[in-house]
Structure formats: C-alpha cells, structure tokens
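Observations on the three-dimensional arrangement
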Amino acid sequence: MATVAETLKSALEIDGAIAAALVDHESGMSLGQAGGGTLDLDVAAAGNTDVVRAELKTLQRLGLDDTPEDVLVTLGSQFHLIRLLQSKNGQGLFLYLVLDRGRANLAMARRLLTVLERGIEL
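The structure displayed is predicted, hence computed values, not measured ones.

1. Some remarks on the overall build of the protein
Helix and strand content of the protein: 3 helices and 5 strands. Beginning at the N terminus, the succession of helices and strands in the protein can be written as α-β-β-α-β-β-β-α. Since a compact globule built from 122 residues should have a radius of gyration of about 14 Å, the 13 Å found for the protein is in line with a globular shape. Seen along its three principal axes, the alpha-carbon backbone of the protein occupies a region of about 40 × 35 × 25 Å. Looking at the protein residue by residue over its 122 residues, the buried ones come to 43%. Here the contacts in the protein between residues at least 6 apart in sequence split such that 54% fall between residues at least 24 apart. Computed over 11 positive and 16 negative side-chain charges, the separation of the two mean positions in the protein equals 4 Å.

2. Points about helix H2 (residues 41-61)
What sets the pattern is the α-helix's 3.6 residues per turn: residues three or four places apart point alike. Taking 1.5 Å of rise per residue, 21 residues should cover 30 Å, and H2 covers 30 Å from first to last C-alpha, within 8% of that figure. Those residues of H2 that sit buried are Leu41, Ala44, Ala45, Asn48, Thr49, Val52 and Leu59. Take H2 and look down its axis: the buried residues cluster within an arc of 140°, on one side only. In H2, the exposed residues that point more than 90 degrees away from the buried face are Val43 and Arg61.

3. Section: the nonpolar core
If you look at soluble globular proteins, the nonpolar side chains tend to sit buried side by side. Grouped together as the largest cluster of nonpolar side chains are 19 residues, with contacts concentrated most on Ile14, Leu22, Leu95, Leu97, Leu99 and Leu113. Counting residues per element, the ones that place at least two in this core are helix H1 (4-12), strand S1 (17-24), strand S4 (78-84), strand S5 (93-100) and helix H3 (106-119). Among the elements that make up this core, the one with the highest residue count is S5 (4 residues). Apart from the residues within four sequence positions on either side, Leu97 is in contact with Ala11, Ile14, Ala17, Ala19, Ala20, Phe79, His80, Leu81, Ala109 and Leu113.

4. Observations regarding H1
Taken residue by residue, H1 has Thr7, Leu8 and Ala11 as its buried positions. The buried residues of H1 occupy one face: seen down the axis, they fall within an arc of 95°. Exposed residues pointing more than 90 degrees away from the buried face of H1 are listed as Ala5 and Lys9. For H1, the secondary structure elements touched by its buried residues are S1, strand S2 (30-35), S5 and H3.

Definitions and limits used
Residues numbered from 1 in each chain as written. Predicted model: local features only at pLDDT ≥ 70, side-chain atom pairs only at ≥ 80, totals over all residues. Heavy atoms only, no water. Helix = DSSP H or I, 4+ residues; strand = E, 2+ residues; numbered from the N terminus. Rg over C-alpha atoms; globule rule 2.2 N^0.38 Å. Buried < 20%, exposed > 50% of the residue type's maximum accessible area, 1.4 Å probe, protein only. Contact = heavy atoms within 4.5 Å. Lys, Arg positive; Asp, Glu negative; His and termini not counted. Charge placed at Lys NZ, Arg CZ, Asp CG, Glu CD. Expected span 1.5 Å × (residues − 1). Arc of directions from axis to C-beta. Core = buried A, V, L, I, M, F, W, Y, C linked by side-chain atoms within 4.5 Å.

Take a look at the structure:
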C-alpha cells in the first residue's frame, strides 16, 4: 500500500505526466498534489469536481445503474484524465492526471492510474 504522496509521486513518473492530484469530489478540495508547473491545481481540482458531479448527475438522470471509471478531456497539447476511485475507502475521490499529449501514451497512462488506484492507502 502507498500513501497519497507516494501515489502522486508515482503518477508523475508516468510518461508525459505534468501534474497529479487526489481530489474529494464532494467538497472540491485537493487532498494532495504533485507537479503542476504553471497549472493551479486548486483551481483544476474545483473545476474538475464540477465535471465529475455533472457526469454522475447525467448518469442518474439517464437511469443508468453504472459508475464512470474515468473522464477524459483532450486539449491540443494536453490530456486531462480524471480517474474516479472505485474502492470502498476511495468513494467520493478521484485521481487527476495532466499529461503532455506529445509525450504521453494515453492507454498506458489509464492502465497505470488503475494500478495506482488499487494500491493507494487512504
């Protein structure tokens, strides 16, 4: 099992990673951050909380009895990946990863985030 800080440090080792955060989508608060450069991860955490809430509300309105695994926002130069934690102790949390589109392998990043999710100790 890995701490939040260790998990975020490992997330930054993913090819193309720029920033990572663990966010509570009930409050919009970041529980931990790594990297970021010029990105304001507190602003990103709050904004992506709105994205997660909207997706959950939409699924509910559609009557779908399912849970999103991740949400992907593609920009010209970046991927923003939001991975909702599936474990019982991770309910209400998501991992947020920003990737440089030119250096990242999106499929591999998604897989590695799943592995990190399973090992995080909350």
